[in-house]
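Listed below, chain by chain, are the residues.
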Amino acid sequence: NNIMVDGLDNNDVSVGSTRTTFSQDAIQEFVVVANGFSAEYGRAAGGALNIITKSGGNDFTGDVFMFYRTGKWDAKRPGQGNLDAPYTQRQYGATVSGPLIKDKLFYLVSVERYDTDDSTNAAFDPSLVAAVQGASGYTLHPGLQTWNENYTTGLLKLDWYASATSHWTMRYNAAKESNGSQLGWGGGGGPLGILDPTAGGTRDITDQAFSLANLWTPSGTFVNDFRILGSKRDHDLESLDPTLGPSVTLAGIATFGTQRFLPQLRTEKDYELFDAATWFAGKHTLKFGVDLMQTKVSGSLPLQFAGVYRFQAFGAFTNALQAMMAPNPYGGFGLPVAFIQGFGADSLDIKAGYYSAFFSDTWQIGDRFSLNLGLRYDKEVLPAFHDVSDYDALAAGGPQQLTSWTVGPLPGSTGATGIPGGPYYAKDQFSHSLDWSSSRVSPRLSFNWQMTDATRFYGGYGTFSGRTALGPFGAVFLNNGTDMQTIVQILQADPLNPTAPWKTWANAAGNTNRRYQSNPGGIKSLLLPGESEMPETKQANLGMEIAPLQNLKFTLDLVYAKGEHFLTVRDVNALIPNPAFGSPGQPPTIRPDSRYSSVIKYEGGGESKYRAATFGLQWQLRDTAAFNFSYTYSKTEDNYTDWVTDVEPMNTFDPSVDMAPSNQDQRNRFIVSGVFSSKNWQNAFFRNWTASFIGRFASGRPYTIFTGVDNDYGFAAGRNNGNGDGGAPPSDRPIGEGRNSQTLPFTSNMDVRLDRKFNVGKKGGIEVMLDVFNVFNHYNQTAIQSIQAAPNYGSAVATPQDYNRQIQLGVRFSW
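Because the structure is a prediction, the values reported are computed rather than measured.

Caption draft 1: Broad picture of the sheet that holds strand 1 (residues 2–5). Spatially, 2-1-6-5 is the arrangement adopted by the four strands of the open sheet, whose pairing is mixed. Two strands lie at the open edges of the sheet, namely strand 2 (8–9) and strand 5 (27–33), each paired on one side alone. With four bridges connecting them, strand 1 and strand 6 (residues 48–53) associate as parallel partners. Paired with Ile-3 across the bridge in strand 6 is Leu-49.

Caption draft 2: Main features of the pairing of strand 40 (residues 764–773). As defined by bridge partners, strand 39 (residues 747–760) adjoins strand 40 across nine bridges and the pair is classed as antiparallel. Within strand 40, the position partnered with Val-752 by the bridge is Val-772. Hairpin connection of strand 39 to strand 40: three residues between the antiparallel strands, including Gly-761 at a positive phi of 70 degrees. Relative to strand 41 (residues 806–814), strand 40 runs antiparallel, the two being bridged by nine bridges. Looking across to strand 41, one finds that Gly-765 is bridged to Ser-814.

Caption draft 3: Inspection of the nonpolar core at higher detail. Among the nonpolar cores identified, the biggest contains 34 residues, and Phe-124, Leu-128, Val-132, Val-248, Leu-250, Phe-311 and Met-324 are the most heavily contacted of them. Of all the secondary structure elements, the ones that give two or more residues to this core are helix 1 (126–136), strand 13 (194–195), strand 16 (247–250), strand 17 (254–256), strand 20 (308–311), helix 2 (320–325) and strand 21 (338–344). By residue number, the principal contributor to this core is helix 1, which donates five residues.

Caption draft 4: Seen up close, unusual backbone geometry. A cis amide bond links Leu-262 to the next residue, Pro-263, at an omega of -5 degrees. Along the chain, the position of Pro-263 falls in the loop between strand 17 and strand 18 (264–281). For Gln-304, which is not glycine, the phi torsion reads 60 degrees and is therefore positive. The topology assignment puts Gln-304 in the loop between strand 19 (284–300) and strand 20.

Caption draft 5: Examining the pairing of strand 15 (residues 222–239) more closely. As paired strands, strand 14 (residues 201–219) and strand 15 are joined by 17 bridges and run antiparallel to one another. Within strand 15, the position partnered with Trp-216 by the bridge is Asn-224. The turn linking strand 14 back onto strand 15 is made up of two residues. Here strand 15 pairs with strand 18 via 16 bridges, running antiparallel. Residue pairing across strands places Val-223 opposite Thr-278, the latter belonging to strand 18.

Caption draft 6: Molecular detail of the environment of Thr-468. Of note, Thr-468 is situated in the loop between strand 25 (455–465) and helix 3 (470–478). For Thr-468, a relative accessible area of 5% gives the class buried. Note: C-alpha distance between Thr-468 and Trp-436 (32 residues apart in sequence) is 8.8 Å. In this view, Thr-468 contacts Val-13, Tyr-354, Glu-380, Leu-382, Trp-436, Glu-533, Met-534 and Pro-535; residues no more than four positions away in its chain are not counted.

Caption draft 7: Broad picture of the pattern of salt bridges. For the structure on display, the rule yields 34 salt bridges. Here Arg-19 makes a salt bridge to Asp-270, at a shortest N to O gap of 2.6 Å. Here the residue Arg-19 occupies a position in the loop between strand 4 (17–18) and strand 5, and Asp-270 occupies one in strand 18, the gap between them amounting to 251 residues. Each member of the pair, Arg-19 as well as Asp-270, is classed as buried. Among the ionic pairs, Asp-63 bridges to Arg-812, the shortest N-O distance being 3.5 Å. With Asp-63 in strand 7 (residues 61–70) and Arg-812 in strand 41, this residue pair connects regions lying 749 residues apart in the sequence. Judged by its relative accessible area of 18%, Arg-812 falls in the buried class. Here the residues in one salt-bridge network are Asp-12, Arg-19, Asp-207, Arg-233, Arg-266, Glu-268 and Asp-270, joined through shared partners.

Caption draft 8: Spotlight on helix 1. Restricting attention to buried positions, one finds in helix 1 the residues Leu-128, Val-129, Ala-131, Val-132, Ala-135 and Ser-136. Each buried residue of helix 1 lies within a common arc of 165 degrees when the element is viewed along its axis, so the set occupies one face. Looking at helix 1, the residues exposed on the side facing more than 90 degrees away from the buried face are Pro-126, Ser-127, Ala-130 and Gly-134. Check the buried side of helix 1 and you find it contacts strand 16, strand 17 and helix 2.

Caption draft 9: Region of the structure containing the environment of Gly-189. With respect to the helices and strands, the residue Gly-189 is situated in the loop between strand 12 (186–187) and strand 13. A relative accessible area of 31% means that Gly-189 is categorised as partly exposed. Considered as a pair, Gly-189 and Gly-794 are 605 residues apart in the sequence and their alpha carbons are 9.3 Å apart. Beyond its immediate stretch of four places on either side in the chain, Gly-189 contacts Ile-784, Gln-785 and Val-797.

Caption draft 10: Summary view of the confidence of the model for the chain. For the chain, the average pLDDT comes to 84, and 86% of its residues sit at 70 or higher. Ignoring residues within four places in sequence, the model shows residues 492–502, a span with pLDDT below 50, making 22 contacts including any to other chains. Predicted confidence for residues 713–722 stays below pLDDT 50, and this span has 44 contacts to residues more than four positions away or in other chains.

Caption draft 11: Expanded view of the side chain of Ser-673. Residue placement: Ser-673 occurs in strand 35 (residues 668–677). Not counting the four nearest positions on each side in its chain, Ser-673 is found in contact with Ala-626, Phe-627, Asn-628, Phe-693 and Ile-694.

Caption draft 12: Structural view of the side chain of Gln-89. Secondary-structure assignment places Gln-89 in strand 8 (residues 88–101). Gln-89 sits in the buried class, given a relative accessible area of 6%. A distance of 2.7 Å separates a polar atom in the side chain of Gln-89 from a polar atom in the side chain of Tyr-87. Only 3.3 Å separates the side chain of Gln-89 from the side chain of Tyr-114, close enough to count as a polar contact. If we ignore the near neighbours within four places in the chain, the residues touching Gln-89 are Phe-67, Tyr-68, Arg-69, Tyr-114, Asp-115, Thr-116 and Gln-808.

Caption draft 13: Spotlight on a nonpolar patch on the surface. Residues Val-64, Met-66, Tyr-92, Phe-758, Val-760, Ile-766, Val-768, Val-811 and Phe-813 make up a contiguous nonpolar surface patch of about 690 Å² in total accessible area. In this structure, Val-811 sits in strand 41.

Rules behind the numbers
- Per-chain numbering applies: the sequence of each chain, read as written, is numbered from 1 onward.
- Residues qualify for local features only when their pLDDT is at least 70, as the model is predicted, and side-chain atom pairs are given and counted only at 80 or more; totals for whole chains, interfaces and linings, by contrast, use all residues.
- Hydrogens and water are ignored here; the side-chain numbers use all heavy atoms of the structure.
- DSSP calls a pair of strands paired once it identifies at least 2 bridges connecting them.
- Secondary structure elements are taken from DSSP: a helix is a run of H or I of four residues or more, a strand is a run of E of two residues or more, and numbering for both begins at the N terminus.
- Nonpolar cores were defined as sets of buried Ala, Val, Leu, Ile, Met, Phe, Trp, Tyr and Cys residues, with membership established by side-chain atoms within 4.5 Å.
- Exposure categories follow from relative accessible area, calculated using a 1.4 Å probe and restricted to protein chains: below 20% of the type maximum is buried, above 50% is exposed, and the middle band is partly exposed.
- Only heavy atoms enter the contact rule, under which two residues are in contact if any of them lie within 4.5 Å.
- Each reported salt bridge corresponds to a side-chain nitrogen of Lys or Arg within 4 Å of a carboxyl oxygen of Asp or Glu.
- To obtain the arc, one takes the directions from the helix axis to the C-beta atoms.
- pLDDT runs from 0 to 100 and stands for how confident the predictor is about each residue.
- Polar contact is the term for a pair of N or O atoms within 3.5 Å; when the atoms are in protein, one must be able to donate a hydrogen and the other to accept it, and sequence-neighboring residues count only if both atoms are side-chain atoms.
- The patch calculation keeps residues exceeding 30% relative accessible area without a salt bridge and links them within 9 Å when they carry like charges or within 5 Å when they are nonpolar (Val, Leu, Ile, Met, Phe, Trp, Tyr).
- Note on areas: Shrake-Rupley with a 1.4 Å probe; residue coverage comes only from the protein chains shown.

Following this line, the structure appears as C-alpha cells:
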C-alpha cells in the first residue's frame, strides 16, 4: 500500500510499513482507495491512503484529551490462567489552532503521548527449563516479563494565504517511539515453539518530516499543485539477549538467544518533489504531473553473526529436546542438525530512486455519465548487484560462475518421492539478474454512470505498480559470499544413524559463547539475486449503488486483482536424492553443487489472486441514528508468504505447487456498526448522550501443519516431501498435506462506546467516554500449535491478537 500525508510519502521503504503518526485530532479526513485509484497515485500494488491534516483559522480553537486503561478492569487474558498480568495504558494530548495574522497566516499545533506498561508470559514447563539448563548451560526465563511501549508525536502546520491565488502550507512533524517487545516472545505456535524473552527484540525510532506545498489558482480554469518533502527515520532494533549469544531453536518446543537478524540499525532519508497541473476545459478535466522521489538507506545488517543452532527430531530422537540432550564428542551441547554463523562486512549504504509521470482526463460525457482515463509511468532505480564472479570466491582455480544441473529419475526408483508427476526435479540454472531496476507504463480506466436518481453504476480497470522493499534487497546485496559470508555446518553422515560421526562444532574448546571467534572457512550459504522487478497488480472492479430512499442506500461491489512479481525466496541448491546412496560413506541426500550449502535465490516469483463480492447497507435517521452493515465473500490465493528464508516453498524446484489460500484469506467477513444520539432530546438529563458500536465477524484464517522434522533426510525411507530445505528450519509438511489446508475457528469481536457531552459556554464542551473492547470477552483463537513433533500439538496458542475484554475511560475538553 501507499500511505501518504497531504499527498506526500509516509512509508518505511525498507520493510513496507507506515512511518510517523500523529494525533487523530490533527486529521481533517482520510481518503482511502482500495482499488481503481486514478493515475495520480502510484507506488502501490494494493491500495492508497491519503491522510489530510487540519489547518488553523481565524478562531482560536483546540482540545485536550486523555484516555486511561488498567488491567484491573479487564477480563483475564487468554492463556493467562491465574497470573496477575500487569497492564496500564495512558494516552493524552492536545491540539490548538488559530491566527497569527488574521485572514493571512494560521497555525495548528498538535502533540500526543502514548505510554503502555505490559507483560508477556513465557509458559515454559519447569521440566523443560531444567533440561535445557542441564544439557546446554543456557537459562530459560519462564513466567511474566514486563515491558513498555511509548511514543511521543508532534505536528506544526502553518498556512499562509499570500494572495487570492496563492496558498502556501508548511508542515513539520516528529515522533519518538520505543517498544520493549517489538519482536515478541511467549506464544508457542509454529516451528519456533515458545520464544524465550532472549529471543525477542526492542525498537527505538526517531522520525522527522518537513514538507512545503503551494496551491496556485491564477484563473478559474487552471490549478497548479506543488509539494516537496524531506524526511529522516532512525530505526534501531536491538536484541533482548544481554549476552548476544547464539540463537537456539528446539523445533516446535522452544527458541532462545539472539534473534538471527539482530541487532539491526538503519537510517532512512527520503526526498520527494510532486507537481501537478490541472486544466478545466469544457467537459474535460486534464491533469499532468510528475512525482520524483529518492531514498537513502544506511546502517548495519549483521545476519546471523551471533550464530544459530537448530535441533529437531531425527533417527532415534523423537523430538528436538532429546537431540539437544544427546552427548556430543566435542562438548555437552548435544547433536544439532545445523549450525550457522555470519562473518564479514555488515554495513549497508544504498540509494533508490522512484520517478513517475502521469496524465488523466476526467471526461463528463453527459449529465449522468463520466469517464476517467489515465496513464502512469513508473521507474524504480536500484543499485546494481556485484558481478557474478564475486559469488564464487571459494571455487578452485579462481572465480567462476556457479554451475547448473539437471536431476532426473533415480536409478530403480518407484516414483515414491512425493513430488507431483513422478520422481523428477526441474532443471534450475544459476541465472543472475544483476540489476533489479525496472520501469512500467500503467493504463487506468474508470467510469461513473448515474442511471437514475436512485441508481448508480461504477467500475474500472488498471495496472498498479508497487515498490521493492529495501530490507531484503539490502540483505541480498550484502550476503554474497564475499562482502558477507554465512558459514553452514551440517551433519557429516546419515542422521538416521545417531552414532554417525559429527563435525567439529562452534562450542569446541577455545570458542567462547558457543560460536566461532573468527571465520573458520568451509561450506557457505549465499543469498542470490534472481529475476525481479517492481510488484504489479491488475485490478478490476464493478459496483452498483441503489438509494430507494434519501436516507437508505444499498451497494454491491465486485473486485478482482491479479498480482505478479512479488519477492519470494527458494533454495536453488537444495538437497536432492543421492543416486550413490547405499555405497560406503554416501549419505541419502546431496547438494547439486557441493561447494555450497543453501543458495537462497531472491526473485520476483510471487503471484496472488483476489476475488471478492461485497454487499453493503447504510441507513440514517436524521441526527438520531445511523446504521452500517457489510458482508464480503472473498477468496485470496498466493504462492508465497514473505521474503524471509524461513518461508521457502514446499517444493523449492517447483514453487507453483504452493499456490494455495493466502495467510490473509478470510472467506466470510461481516462488519456492522451503529451510532445513536440523543442530542436533540428535550429532557436535560438524557440530552447529549451518544451510544455506538462496531462488530467484526469473520471466518478463521488458514494455517499449515508441519512435521517438525526434515523429511528430506528420508529419501531412502520413502518419506520425502520434495522441498529439500535441509531442515533449517524444519518446515516440512506431512506427505499430501497442502499449504494452508487447515482453518482456524470463526472470529468475532464487538466494541461499544457510551459518551456524554456537557456544554461549556457557546462553543466549548467536556465529553466523558466509556469504551469497552470485546464486550462479550470472546476468545478468538488465532494460532494453533501446528508442529506434529511438539508436545502440545493441536492445542490453542494465546497471542496478543486474541483479545480479552478491555475497558477504557476518556475525557476531552474542547473550545
